[in-house]
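Architecture at a glance
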Amino acid sequence: MKQLQIRDVKTILTAPERSNLVVVKIETNEPGLFGLGCATFTQRHAVVHTAIEEYLKPFLIGKDPQRIEDIWQTGMVHSYWRNGPVLNNALSGVDMALWDIKGKLAGMPLYQLWGGKCREGAAVYRHADGRDEHEVEENVRAYMEQGYKYIRCQMGGYGGRHAKVQSPENALPGAYFDPDVYARSVPRMLEHLRNKVGFEPEFIHDVHERLSPIEAVRLAKQLEPYRLFFLEDPLAPEQLDWFRMIRSQCATPIGIGELFVNPREWMPLISEGLIDFIRCHISAIGGITPAKKLAHLCEAYSIRTAWHGPGDVSPVGHAANLHLSIGMSNFGIQEWYGPTDRLREVFPGTPEVRNGFMYPNDLPGLGVDINEELAAKYPCKNENPAWTLARLPDGTSARP
Ligand code: MG
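Residues numbered from 1 in each chain as written. Predicted model: local features only at pLDDT ≥ 70, side-chain atom pairs only at ≥ 80, totals over all residues. Heavy atoms only, no water.

**Some words on the coordination of the magnesium ion**
Listed as protein donors to the magnesium ion are Asp206 (OD), Glu232 (OE) and Glu258 (OE); their distances from the metal cover 1.9 to 2.4 Å. In primary sequence terms, the donor set of the magnesium ion follows D-x25-E-x25-E. Of this pair, Asp206 sits in strand E7 (residues 202-206) while Glu258 sits in the loop between strand E9 (254-256) and helix H9 (263-271), and the two are 52 residues apart along the sequence. Per residue, the accessibility class of Asp206 equals that of Glu258, and both read buried. (Donors = N, O, S within 2.8 Å, 3.2 Å for Na, K, Ca; no water. Helix = DSSP H or I, 4+ residues; strand = E, 2+ residues; numbered from the N terminus. Buried < 20%, exposed > 50% of the residue type's maximum accessible area, 1.4 Å probe, protein only.)

Dropping the structure here:
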């Protein structure tokens with residue numbers, strides 16, 4: 001075979017559902033041999049697009065696509081400044097596409113390349129929301145009937161939104177929430193759910209960094225009797241020292257990672273055994289190459305994976321999650337949101353979920369394709385979602 005080379009790098013922007021998705025397509029000089037990767041940073045898709053087109057594309061043309069590790073290492077430091085969400089996502093688009101090509105060259109689904117299946121399907125969790133605990137219960141029961149055992153339970157989005165907020169005069173607009181009202185509502189919701197549906201389903205709850213550190217410690221302690229599968233993001237990446245306090249106070253399992261972009265964020269939490277589940281947004285940490293290393297590091301400390309898998313991960317990214325979840329021994333759970341038929345048309349091969357488990361197809365590589373003509377019919381929009389402008393009752397800016 002002639003020397004394999006990267007012939008072209010394309011950035012495909014599409015929003016078949018609400019979220020802006022960024023997908024990288026790497027074409028080679030071998031006719032028909034290409035790879036796809038997810039570079040989705042939904043709120044800043046145009047900046048990732050520029051990073052790929054202006055910097056990574058000229059860096060990659062002519063290189064051997066089989067040299068994934070070398071391209072990842074050089075791509076990471078090529079800008080000198082590194083470890084931020086924009087450049088990590090751009091590099092992830094390239095990295096996943098190279099792994100996709102590697103699988104196609106081998107004629108194998110990607111999980112085969114890291115040692116084969118550890119399980120036939122990956123258990124997934126769904127997101128049940130409701131205005132009050134009764135509506136959450138209804139939605140939990142509906143998911144249970146569909147075969148789901150793992151359910152994330154939330155009241156009013158990420159909570160505290162339905163509080164009667166008393167603000168100063170001329171308070172600025174924003175997505176107001178009351179952390180105290182939210183904190184009091186969660187034990188009430190879980191008390192109700194455990195009383196009504198018992199301890200058979202596994203429950204997850206996402207704090208979404210909405211509490212002060214000491215309130216997060218208090219909530220983790222209060223939730224201990226309800227035996228959560230894990231409590232998600234009780235603290236922000238800027239408050240990592242407080243995880244020691246949570247750990248010393250209670251045995252509520254902890255999951256974090258969707259906002260992580262730098263290994264220095266996860267290393268102390270893992271090496272000190274302060275968390276139970278790592279749930280990075282794989283494209284935000286730079287793709288499959290760093291995610292594999294992170295999963296292996298976690299395995300050494302008995303920490304399981306729960307990769308971030310909402311609607312602002314493209315089906316290509318969901319497939320990357322799935323291949324890691326199927327092929328790594330320390331898999332815990334996979335987040336899943338249920339894509340529409342329209343998204344499946346744009347991305348043939350989007351992973352399937354049946355009776356609570358996600359299954360890979362048998363195609364080589366990631367197993368997902370893209371219909372570029374159809375993708376172009378759903379352009380991205382430059383609108384930031386309203387929930388990202390979060391405010392506390394007195395109008396102070398807050399983490400969303
Ligand atoms: Mg979350």
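Now that the structure is up, let's keep going.
**Observations regarding the side chain of His208**
With respect to the element layout, His208 can be found in the loop between E7 and helix H7 (213-222). The exposure class assigned to His208 is buried, which follows from its relative accessible area of 9%. In this structure the side chain of His208 is engaged in a polar contact, spanning 3.0 Å, whose partner is the backbone oxygen of Pro400. In this structure, His208 is in contact with Tyr158, Glu232, Asp233, Glu258, Trp387 and Pro400, ignoring residues within four places of it in sequence. (Polar contact = N/O pair within 3.5 Å; in protein donor to acceptor, adjacent residues only side chain to side chain. Contact = heavy atoms within 4.5 Å.)

**Considerations on helix H2 (residues 68-77)**
For H2, the full list of buried residues reads Ile68, Ile71, Trp72, Gly75 and Met76. Here the buried residues of H2 occupy an arc of 125° about the axis, which is enough to place them on one side. Contact partners of the buried residues in H2: strand E1 (6-14), helix H1 (45-60), helix H3 (85-106) and helix H10 (288-300). (Arc of directions from axis to C-beta.)

**Observations concerning the side chain of Asp233**
Checked against the element boundaries, Asp233 lands in the loop between strand E8 (230-232) and helix H8 (243-249). Although Asp233 is buried, it makes no salt bridge; Arg279 carries the closest opposite charge, 5.1 Å away. Once you skip the residues sitting within four places of it in the chain, Asp233 turns out to touch Asp206, Val207, His208, Glu209, Gly255, Ile256, Gly257 and Glu258. (Lys, Arg positive; Asp, Glu negative; His and termini not counted. Salt bridge = Lys/Arg side-chain N within 4 Å of Asp/Glu carboxyl O.)

**Notes on the environment of Pro385**
Inspection of the secondary structure puts Pro385 in the loop between helix H13 (372-375) and strand E15 (390-391). Residue classification places Pro385 among the partly exposed positions, given a relative accessible area of 29%. Counting along the chain gives 77 residues from Pro385 to His308, while the straight-line C-alpha distance between them is 19 Å.

**What about the pattern of salt bridges?**
Summed over the entire model, instances satisfying the criterion amount to 24 salt bridges. Put simply, Asp241 and Arg244 hold a salt bridge, and the shortest N to O gap is 3.6 Å. By relative accessible area, Arg244 is classed as partly exposed at 39%. The closest approach of N and O atoms between Arg279 and Glu335, which form a salt bridge, is 3.1 Å. Within this pair, whereas Arg279 is found in the loop between strand E10 (277-278) and H10, its partner Glu335 is found in strand E12 (residues 334-335), the two being separated by 56 residues in sequence. A residue is classified by how much of its surface remains accessible, and Glu335, at 5% relative accessible area, is buried. Among the charged side chains, a salt-bridge network with shared partners connects Arg152, Asp206, Glu232, Glu258, Arg279 and Glu335.

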